[in-house]
Amino acid sequence: MEVNVNENMDSEKCFRAEPDFLMALMAGAAAGIAVDVTLFPVDTVKTRLQSAQGFWKTGGFRSIYSGLASAVIGSAPNAAVFFCTYEMIKQLGSGLVPMSFQPVIHMGAASCGEVVACLVRVPVEVVKQRTQARPDLSSWSVLKRTFKAEGFFGLYRGYFSTVTREIPFSLIQFPLWEMFKKVWSDHRGQYLASWQSSICGALAGGISSGITTPLDVAKTRIMLAEKGSFTSKGHILPVLRDVWKEKGLRGLFAGAVPRMIGISVGGAIFFGVYEKTKSIWAYYCQRISL
């Protein structure tokens, strides 16, 4: 049975009455796991294309699921923390500004969500990407080696470069997602179903990922760099300059195709699962209140 919170005003009312924190937690966690597991091979290809050692030296198409364990463990809390923050800031700000300034609220909410979520995401990314680039090692082995060589803060190498990548990405993606939904909804004269929201998410994700690929390349290089090297210090502009000198524009956009494909498909899955989970939550909220 199709469940759509937007098709029933009583359901919408009930949904708003329930704790939005728990709804965002459940929806974000479900969406994060669905994307990370489904598209992990594409992410591995992208990481190896962006590494300084090159695609084939870091494993090529071999052991394409290396690092999956860390991604699965981290995906639910990462996505849940992001959406809890995003929804909270969006709701707090929506009543304070006119409709014409809503994209600004979406940008601010997404940026806050990224800063908080990166506290979970970066350690997961460090372990995941190092395992992807060293398929002979397990996620647990990489975690132990990182602790031994760099201590706890070694897990947060690349935090600022990740935030620097994620904020511009979200500043583009989420306002686009909200805008696409609004335009399509206004055109149809009714609220969108989950699958329609997922298409909007795919378009927004594809555009955003293509534009921010150079920042993703810098983040990958920083996380994979040897301890003590200049790249490992996390300075984004010098890293991008070195990539430009080595490989030019092609190097700056290394992995752009799998990144755009992965995030487009991932956006469809992520936003579709997110909206569907919210709809199911509202449906059962309504049933309980009857």
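The structure presented is a predicted model; accordingly, all values stated were derived computationally and were not measured.

A. The arrangement of the side chain of Ser208 in detail. With respect to the element layout, Ser208 can be found in helix H8 (residues 194-211). One polar contact links the side chain of Ser208 to the main-chain amide nitrogen of Gln173, over a distance of 3.1 Å. A distance of 2.7 Å separates a polar side-chain atom of Ser208 from the backbone oxygen of Ala204. Setting aside chain neighbours within four positions, we find Ser208 in contact with Phe169, Ile172, Gln173 and Leu176.

B. Broad picture of the packing of helix H5 (residues 102-133) against helix H6 (residues 139-150). Their axes nearest at 9 Å, the elements H5 and H6 cross at an angle of 115°. The angle between H5 and H6 falls in the class roughly perpendicular. Read as a crossing pair, H5 and H6 show a hand that is right-handed. Residues Val127, Arg130 and Thr131 of H5 touch H6, and the partners they reach there are Ser139, Val142, Leu143, Thr146 and Glu150. Of the residues in the contact of H5 with H6, the class split is 3 nonpolar, 3 polar and 2 charged.

C. Representation of the pattern of salt bridges in the model. On inspection of all chains with the given rule, the structure shows 18 salt bridges. For Asp136, the salt bridge goes to Arg134, with nearest N and O atoms at 3.2 Å. By relative accessible area, which is 54% here, Asp136 ends up exposed. Through salt bridges that share partners, Asp43, Lys46, Glu114, Arg121, Glu125, Lys128, Arg165, Glu166, Asp216, Lys219 and Arg259 make up one connected network.

D. Just the confidence of the model for the chain, in detail. Taken residue by residue, the chain gives an average pLDDT of 83. The fraction at 70 or more is 91%. In this model, residues 1-19 is a region of pLDDT below 50 whose contacts with residues beyond four sequence positions or in other chains number 36 contacts.

E. Highlighting the packing of aromatic side chains. Scanning all chains against the criterion turns up 9 aromatic pairs. Plain terms: the ring middles of Trp56 and Phe61 are 5.9 Å apart, the flat faces sit at 75° to each other, and that makes the pair edge-to-face. We classify Trp56 as exposed; its relative accessible area is 65%. Directly above the ring of Trp177 sits Lys181, whose terminal nitrogen or CZ lies 3.8 Å from the centroid.

F. Inspection of a nonpolar patch on the surface at higher detail. Taken together, the side chains of Ile33, Val37 and Val72 present a nonpolar region at the surface, about 190 Å² in accessible area. Here Ile33 shows up in helix H2 (residues 20-38). For Ile33, a relative accessible area of 36% translates into the label partly exposed.

G. Spotlight on the nonpolar core. Counting residues in each nonpolar core, the largest one holds 22 residues, and the members touching the most others are Phe83, Tyr86, Phe174, Trp177 and Phe270. Within the residue set of this core, elements represented by two or more residues are H2, helix H4 (68-94), H5, helix H7 (159-188), H8 and helix H11 (256-289). In contact with Phe270, other than residues within four places in its own chain, are Ala31, Gly32, Val35, Ala79 and Phe83. Core analysis: the second largest hydrophobic core is formed by 8 residues, Ala218, Leu240, Val243 and Leu252 among them.

H. The arrangement of unusual backbone geometry in detail. Non-glycine residue Ser63 carries a positive phi angle of around 50°. You can see Ser63 is positioned in the loop between helix H3 (40-50) and H4. You can call Ser63 partly exposed: its relative accessible area is 36%.

I. Here's a closer look at helix H9 (residues 213-224). Its 12 residues give H9 an end-to-end C-alpha distance of 17 Å, which sits within 8% of 16 Å, the value for a rise of 1.5 Å per residue. Within H9, 11 of the 12 residues are buried, leaving the element largely enclosed by the surrounding structure.

J. Representation of the side chain of Thr213. Note that Thr213 resides in helix H9. For Thr213, a relative accessible area of 0% gives the class buried.

Definitions and limits used
Residues numbered from 1 in each chain as written. Predicted model: local features only at pLDDT ≥ 70, side-chain atom pairs only at ≥ 80, totals over all residues. Heavy atoms only, no water. Helix = DSSP H or I, 4+ residues; strand = E, 2+ residues; numbered from the N terminus. Polar contact = N/O pair within 3.5 Å; in protein donor to acceptor, adjacent residues only side chain to side chain. Contact = heavy atoms within 4.5 Å. Axes fitted to C-alpha atoms, helices over the stretch in contact; angles between N-to-C directions. Parallel < 35°, antiparallel > 145°, perpendicular 65-115°, else oblique. Left-handed = near helix turned anticlockwise from the far one by under 90°. Nonpolar A, V, L, I, M, F, W, Y, C, P; charged D, E, K, R; others polar. Salt bridge = Lys/Arg side-chain N within 4 Å of Asp/Glu carboxyl O. Buried < 20%, exposed > 50% of the residue type's maximum accessible area, 1.4 Å probe, protein only. pLDDT = per-residue confidence, 0-100. Phe/Tyr/Trp six-rings, centres within 6.5 Å; stacked < 30°, edge-to-face > 60°. Lys NZ or Arg CZ within 6 Å of the ring centre and 35° of its normal. Patch = residues over 30% accessible without salt bridge, like charges linked within 9 Å, V, L, I, M, F, W, Y side chains within 5 Å. Areas by Shrake-Rupley, 256 points an atom, 1.4 Å probe, with all protein chains shown as cover. Core = buried A, V, L, I, M, F, W, Y, C linked by side-chain atoms within 4.5 Å. Expected span 1.5 Å × (residues − 1).

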